[in-house]
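Tertiary structure, described
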Amino acid sequence: MTTTFAALHHMHTPLLLPNAWDHASARALADQGFRAIGTTSLGVAAAAGLPDGTSDTRDETLRLALALGSGPYLLSVDAEDGYSEDPDEVGEFARELAAVGAAGINLEDRLGPVALHAAKIEAVKAAAPGLFVNARTDTYWLGDGEGTLDRLDVYQQAGADGVFVPGVTEPREIGGLVKHLDVPLNILYTPTGPTVPHLADLGVRRVSLGSLLYRRALGAALEAVAEIRAGRSPLGSTPSYAEVDAFSRRSC
């Protein structure tokens, strides 16, 4: 399974990775033909009434991985920073993810010490060698991009199978990253940034949707209730009760 997931990063088109937040969303995406699905830490945190990006959702993330890990798709888990500053604990969490069927893990550095993030990557590869490690740096997400290449070099050397640089949208900068790297580059899709075909032309090998689908789903719900309250019928397609209920009646 994990070999197949790695191979999806080396196809003629980039791996477009939609991110689910529960069983139904994952199954609906799988029914659309997606061979791999990620999770979104924001969706997991919001559903549990917890803040995102504060390492508070370890248990919720593991429970979601357990629910989705046997699904008819390859699963990559957004594990924030690994939920610990102890690399051995991060490695143990990765081992648990692999045990329930995850094929990949996403680890973010939050602009913390480079050596610490590298140690976490090494610990994950030691504890779960087959797990695809997507090492994320927040140099653009939280800063101006300074130090990106230096961080990515260290993470590659630590054993990362791919690297993720959310927040970068300038084609010239994306192309420069691709030329510098020895591993696949993952970019976060944004509606105001390059299209997926454009990212493919730049050499990007993986395009994640992050929390976009979750936020769009919430937005659609609010738009629908506003239309109903105003005496109008909501626009857009709506799956039937039976269609959604069927997701829970099938094995993941």
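Right, let's walk through the structure included here. What you see is a predicted model; the values in this text were computed from it and never measured.

Attention shifts here to the side chain of arginine 151. For arginine 151, the position within the fold is in helix H7 (residues 148-158). Note on arginine 151: relative accessible area 13%, which makes it buried. Those residues within four positions of arginine 151 in sequence are excluded, and the remaining contacts are Asp109, Leu111, Gly112, Val114, Thr137 and Thr139.

So, about the pattern of salt bridges. In a structure, side chains of opposite charge can pair up when their charged atoms sit close to one another. The full count for this structure, using the stated rule, is 13 salt bridges. The shortest N-O distance in the salt bridge between glutamate 80 and arginine 110 comes to 2.8 Å. In this pair, glutamate 80 is assigned in the loop between strand S4 (74-78) and helix H5 (87-99) and arginine 110 in the loop between strand S5 (104-108) and helix H6 (114-127), connecting sequence segments 30 residues apart. For arginine 110, a relative accessible area of 24% gives the class partly exposed. Residues arginine 136 and aspartate 138 are paired through a salt bridge, measuring 2.6 Å at the closest nitrogen-oxygen approach.

To continue, consider the packing of H6 against H7. The N-to-C vectors of H6 and H7 enclose an angle of 25°; their axes lie 8 Å apart at closest approach. Here H7 runs roughly parallel to H6, going by the angle between their axes. Here H6 and H7 pass one another in a crossing that is right-handed. Note on element contacts: H7 touches H6 through Arg151, Val154, Tyr155 and Ala158, opposite Val114, His117, Ala118, Ile121 and Glu122. Classifying every residue of the contact of H6 with H7 by side-chain character gives 6 nonpolar, 1 polar and 2 charged.

Another point: the nonpolar core. Judged by nonpolar contacts, the single largest core of 47 residues is most densely connected at Leu97, Ile105, Val124, Ile174 and Leu185. Every residue in contact with valine 124, bar those within four places of it in the chain, is listed here: Val90, Gly91, Ala94, Ile105, Leu107, Pro129, Leu131 and Val133. Within the second largest apolar cluster, 8 residues are counted, among which are Leu15, Leu17, Leu74 and Ala103.

In terms of burial, S5 is largely enclosed, as 5 of its 5 residues are buried. Alignment of S4 against S5, held across 3 bridges, turns out to be parallel. Across the sheet, valine 77 pairs through a bridge with isoleucine 105, a residue of S5. Handedness of the crossover joining S4 and S5 through H5 is recorded here as right-handed. One ladder, built from 5 bridges, connects S5 with strand S6 (residues 132-136); its direction is parallel. What sits directly across from glycine 104, in S6, is phenylalanine 132.

Let us look at the pairing of strand S8 (residues 185-188). Neither face of S8 is open: one carries Leu185 and Ile187, the other Asn186 and Leu188, and all of them are buried. Where strand S7 (residues 162-164) meets S8, 2 bridges bridge the pair, whose relative direction is parallel. When the bridges of S8 are listed, phenylalanine 164 appears paired with asparagine 186. Taken together, S7, helix H8 (residues 171-180) and S8 constitute a β-α-β crossover, and its handedness is right-handed. Two elements, S8 and strand S9 (residues 206-208), share 3 bridges in a ladder whose sense is parallel. Looking at S9, one finds that isoleucine 187 is bridged to valine 207.

What follows deals with the side chain of threonine 39. Tracing the chain through its elements places threonine 39 in strand S3 (residues 36-39). The exposure class of threonine 39 is buried, given its relative accessible area of 5%. A polar side-chain atom of threonine 39 sits 2.9 Å from the main-chain amide nitrogen of aspartate 78. Leaving out residues up to four positions away in the same chain, threonine 39 has contacts with Asn19, Ala20, Leu64, Leu68, Leu75, Ser76, Val77 and Asp78.

Parameters and conventions
- Residues numbered from 1 in each chain as written.
- Predicted model: local features only at pLDDT ≥ 70, side-chain atom pairs only at ≥ 80, totals over all residues.
- Heavy atoms only, no water.
- Helix = DSSP H or I, 4+ residues; strand = E, 2+ residues; numbered from the N terminus.
- Buried < 20%, exposed > 50% of the residue type's maximum accessible area, 1.4 Å probe, protein only.
- Contact = heavy atoms within 4.5 Å.
- Salt bridge = Lys/Arg side-chain N within 4 Å of Asp/Glu carboxyl O.
- Axes fitted to C-alpha atoms, helices over the stretch in contact; angles between N-to-C directions.
- Parallel < 35°, antiparallel > 145°, perpendicular 65-115°, else oblique.
- Left-handed = near helix turned anticlockwise from the far one by under 90°.
- Nonpolar A, V, L, I, M, F, W, Y, C, P; charged D, E, K, R; others polar.
- Core = buried A, V, L, I, M, F, W, Y, C linked by side-chain atoms within 4.5 Å.
- Pairing = 2+ DSSP bridges.
- Right-handed = clockwise from strand over helix to strand, strands pointing away.
- Polar contact = N/O pair within 3.5 Å; in protein donor to acceptor, adjacent residues only side chain to side chain.

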